[in-house]
Amino acid sequence: KPDFCWIKKTNSSQSHVLMDSSRGTSEAIESNTTSTDTNFTQGVTAFGTDGFSVGSHTQVNNNSDTYVGWCWRANGGTTASNSDGDITSTVQANTNAGFSIVTYTGDNTDHRGVGYGSANIGHGLDSAPEFIITKRRDGTGGWYTLHASAGIGYLSLESSGTFQSGAVPFGPALPTTTTFGGYSANNNSSHT
């Protein structure tokens, strides 16, 4: 049973559609744009025990088009509150696979005393994640992406830009066994 599906039409340039069981089947977000969450009732309509079901939306199921879907299992749709960081998060984690879906509301407070609204956010895993993607859901914003092998800095999924080194938006240190860093770019006050 997948908890996260990333679907892309392969024979056209339509958007990548990402849906997960934490937000439910009515919400989708596109990784190649800076857009907000979108009501997407005919995308993934169910996360089943042996795969997923799709509705009639052309981005996931159009006659004669071809698609690819990447899926990950988290925790069967079951979430838990996580207070490991400065901001309480809601996590759905699969510690065996090293995969979690994390949601939180930013506060733009400088919890760590290093500026830019710095905070630590609990990820629900029992080891440091090596790959993190963050995206503001309730408004436009970039897809800030960290990979441990690249060091401190980020790439933006929606951009063809190069790696940007530096503390913002993930912090002056790589993720720990309990938290990852957030700065103003992924810790905006009152935003999800």
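Everything quoted here is computed from the prediction, not taken from an experiment.

**Q** Got a minute to help me understand the nonpolar core in this structure?
**A** As a rule of thumb, nonpolar side chains are buried together in soluble globular proteins. Listed in full, the ten residues of the largest apolar core are I87, Y104, A119, I121, I132, Y144, L146, Y154, F170 and F180. Going through the elements one at a time, β11 (119–122) and β13 (143–147) are the ones with two or more residues in this core. Setting aside residues up to four positions removed in sequence, I87 forms contacts with N82, Y104, T105, G106, D107, H111, A119, N120, I121 and N187. With nine residues, the next largest nonpolar core counts C5, M19, A28 and F47 among its residues.

**Q** Would you mind going over the side chain of S100 with me for this structure?
**A** Tracing the backbone shows S100 in strand β10 (residues 99–104). At 2.8 Å, the side chain of S100 forms a polar contact with the backbone oxygen of H123.

**Q** Explain a nonpolar patch on the surface to me, please; I cannot follow it from the model alone.
**A** On the surface, a cluster of nonpolar side chains totalling about 250 Å² of accessible area is made up of F131, I133 and L157. The residue L157 is located in the loop between β14 (153–156) and β15 (164–165) in this model. Residue class for L157 comes out partly exposed when judged on its relative accessible area of 34%.

**Q** Explain the pairing of β14 here, please?
**A** Two faces belong to every sheet, and in a regular strand the side chains alternate between them. Taken together, the two bridges between β13 and β14 define a ladder with antiparallel strand orientation. Bridge pairing in β14 links Y144 to S156. Taken together, β13 and the strand that follows it, β14, pair antiparallel across an intervening segment of five residues, in which G151 is found at a positive phi of about 90°. One ladder, built from two bridges, connects β14 with β15; its direction is antiparallel. Bridge assignment links Y154 to a residue of β15, and that residue is Q164.

Scoring rules and cut-offs
Residues numbered from 1 in each chain as written. Predicted model: local features only at pLDDT ≥ 70, side-chain atom pairs only at ≥ 80, totals over all residues. Heavy atoms only, no water. Core = buried A, V, L, I, M, F, W, Y, C linked by side-chain atoms within 4.5 Å. Buried < 20%, exposed > 50% of the residue type's maximum accessible area, 1.4 Å probe, protein only. Helix = DSSP H or I, 4+ residues; strand = E, 2+ residues; numbered from the N terminus. Contact = heavy atoms within 4.5 Å. Polar contact = N/O pair within 3.5 Å; in protein donor to acceptor, adjacent residues only side chain to side chain. Patch = residues over 30% accessible without salt bridge, like charges linked within 9 Å, V, L, I, M, F, W, Y side chains within 5 Å. Areas by Shrake-Rupley, 256 points an atom, 1.4 Å probe, with all protein chains shown as cover. Salt bridge = Lys/Arg side-chain N within 4 Å of Asp/Glu carboxyl O. Pairing = 2+ DSSP bridges.

Remember, this is a structural readout, not a statement about activity or role.
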